[in-house]
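# Coordinates in review
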Amino acid sequence: MYLATTGRRDAPPPSATGGPRRRVPATVLALGTVSLVTDVSSEMVTAVLPLYLVVGLGLSPLQFGFLDGLFNGAAAVVRLLGGHAADRGGRHKRVAGLGYALSACSRLGLLLAGGATGQIAAALAVDRVGKGIRTAPRDALITLSSPPHLLGRSFGVHRAMDTTGALLGPLAAFALLWVTADAYDAVFVVSFCTGLLGVLLLVLYVPPQEASVASPTRRAANPFGALRSAAFRRILCAAALLGAATVGDSFVYLLLQRGLDIPVGWFPLLPLGSAAAYLLLAIPAGRLADRVGRRLPFLYGHGALLGVYGLLLVPAEGPALALVLPVLILLGVFYAATDGVLMALAAPTLPDGGRAGGLALLQTGQALTRLLGTAGFGAAWTVWGPSRALWVAAAALIVSLAGGWALLPGSSAPDPERSTA
């Protein structure tokens, strides 16, 4: 039923055909389950990888940082290829499945690599390539299986399930290390098996909906064909502009640790705090975006990030928790109001035949400008110190918010129940 109306511009609103459907489509729930299981697998490895490479194998932090940065940058470019491949003949499920399978097999590569740095680098590259390939086709499947007025809620549910896996993964990894007396191989084996389970769930429970939404006359879309849409160009420019003023999470956590002298042993818990806030707020933020339009929540989410910068600039007084808790909550608000909401904002501006490629272009543009913003903040910290660098970041974000306000088109995705009240 959803598929029959998603691609039609002249389809009647759900309220005109017997009342709006309020449930999130089963395909979204299936994709959320796949993401949950896959994130448990990937975050198990991510949580222990720095210790394994730096402490276990003796790589320097510079070597590890170079490898991680290089492969993350490559993954951003691979997104474009994955999006284009998915749009050719409507192969969203196949391309997403290939990405999930590559990431799962990379755990086996880590297991078989032993201490060989070259093989470890190859396994990490396969993992990043898999992640880059699957992201845009997966998000395109969400948009193609959801009615337009529920896109925000659908992405909110998916991101909440995805973040649940991100929270469970590190806990599972450290539990395994504790039980097996720091046997990293055990983590890689369990991660590999969990990743395969995610692929199996995709094959069994995500229907091949791309065949239903694909028009017989649809030709393969150019990866940059989405730029023909003026509305999409404005969204892309706004997302890139705001991304360039975004400081990486790691710097936020480092600023908290330095300002409050948080013990090093507690440092790994900071990302879990912001992830928990994201998990709790993702669905409410998506529902709000469906009701009031997606433009304002996206901008207000960056306003929450500005609040993070402001709190970090305030001299620390009183108990550490009085500053840590608001910073982590605001960081969770930022992600809840921007991540899935941006995809829901952009999707209606793209044709069905270029949905994956357009979303891939948007994700790549935002990722690259965030990378530049984080690198710029690191350089400013080195030259001027953390306080002046943060003032510059806050000023840049204010300017970017003004630019985003002017660039973003008005969203026309109200809740049909509300519009007919």
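Preceding this section is the structure that the text describes.
Described below are features of the structure shown in this document. Because the structure is predicted, anything quoted here is derived from the model rather than measured. (Residues numbered from 1 in each chain as written. Predicted model: local features only at pLDDT ≥ 70, side-chain atom pairs only at ≥ 80, totals over all residues. Heavy atoms only, no water.)

As a further point, take the packing of helix α6 (residues 151-179) against helix α11 (residues 269-292). In a pair of packed helices, the angle between the axes and the distance between the axes together describe the arrangement. Across the interface, α6 lies against α11 with an axial gap of 7 Å and an inter-helix angle of 170°. As judged from the angle between their axes, α6 and α11 are roughly antiparallel. Along its contact with α6, which presents Leu151, Gly152, Arg153, Gly156, Val157, Arg159, Ala160, Thr163, Thr164 and Leu167, the element α11 presents Leu272, Ala275, Ala276, Tyr278, Leu279, Ala282, Ile283, Gly286, Arg287 and Asp290. Its residues placed into classes, the contact of α6 with α11 shows eleven nonpolar, five polar and four charged. (Axes fitted to C-alpha atoms, helices over the stretch in contact; angles between N-to-C directions. Helix = DSSP H or I, 4+ residues; strand = E, 2+ residues; numbered from the N terminus. Parallel < 35°, antiparallel > 145°, perpendicular 65-115°, else oblique. Contact = heavy atoms within 4.5 Å. Nonpolar A, V, L, I, M, F, W, Y, C, P; charged D, E, K, R; others polar.)

Turning next to the side chain of Ser145. Relative to the assigned elements, Ser145 resides in helix α5 (residues 117-145). Judged by relative accessible area, which is 2%, Ser145 ranks as buried. In this structure the side chain of Ser145 is engaged in a polar contact, spanning 2.8 Å, whose partner is the backbone oxygen of Leu141. Within the structure, Ser145 has its side chain in polar contact with the backbone oxygen of Ile142 (distance 3.3 Å). (Buried < 20%, exposed > 50% of the residue type's maximum accessible area, 1.4 Å probe, protein only. Polar contact = N/O pair within 3.5 Å; in protein donor to acceptor, adjacent residues only side chain to side chain.)

A word on the packing of aromatic side chains. One pass over the structure, following the stated rule, counts five aromatic pairs. Pairing Phe377 with Trp381 gives two aromatic rings, centres 6.0 Å apart and planes at 75°, and the pair type is edge-to-face. Of the two residues, Phe377 and Trp381 are both situated in helix α14 (residues 355-384); the distance of four residues between them amounts to about one turn of the helix. A single burial state applies to Phe377 and to Trp381, both of which are buried. The rings of Phe251, Phe377 and Trp381 are connected pair by pair, giving a single aromatic cluster. The side chain of Arg295 reaches across the aromatic face of Trp405, ending 4.5 Å from its centre. (Phe/Tyr/Trp six-rings, centres within 6.5 Å; stacked < 30°, edge-to-face > 60°. Lys NZ or Arg CZ within 6 Å of the ring centre and 35° of its normal.)

This part takes up α14. With 30 residues, α14 ought to run about 44 Å at 1.5 Å a step, and its terminal C-alpha atoms sit 43 Å apart, in line with that. Backbone geometry just after α14 places Gly385 at a positive phi near 100°. (Expected span 1.5 Å × (residues − 1).)

We now examine the nonpolar core. Phe232, Leu256, Tyr309, Leu312, Leu362 and Phe377 are the most contacted members of the largest nonpolar core, which has 78 residues in total. Sort the elements by how many residues they give to this core and helix α13 (residues 321-346) lands first, with 14 residues. Once residues within four sequence positions are removed from consideration, Leu256 is found in contact with Asp261, Ile262, Leu312, Leu323, Val324, Val327 and Leu328. Ranked by size, the runner-up nonpolar core spans 17 residues in total, among them Val48, Leu49, Ala123 and Val187. (Core = buried A, V, L, I, M, F, W, Y, C linked by side-chain atoms within 4.5 Å.)

Looking now at the pattern of salt bridges. Applying the stated criterion across every chain, the model contains seven salt bridges. Of the charged contacts in the structure, one is a salt bridge between Asp339 and Arg159, with a shortest N-O distance of 3.1 Å. With Asp339 in helix α13 and Arg159 in helix α6, the pair connects residues that are 180 residues apart, well separated along the chain. With relative accessibility at 30%, the residue Asp339 sits in the partly exposed group. Asp352 is the partner of Arg355 in a salt bridge, and the nearest nitrogen-oxygen pair spans 2.8 Å. You'll find Arg355 and Asp352 in the same group, each marked buried. (Salt bridge = Lys/Arg side-chain N within 4 Å of Asp/Glu carboxyl O.)

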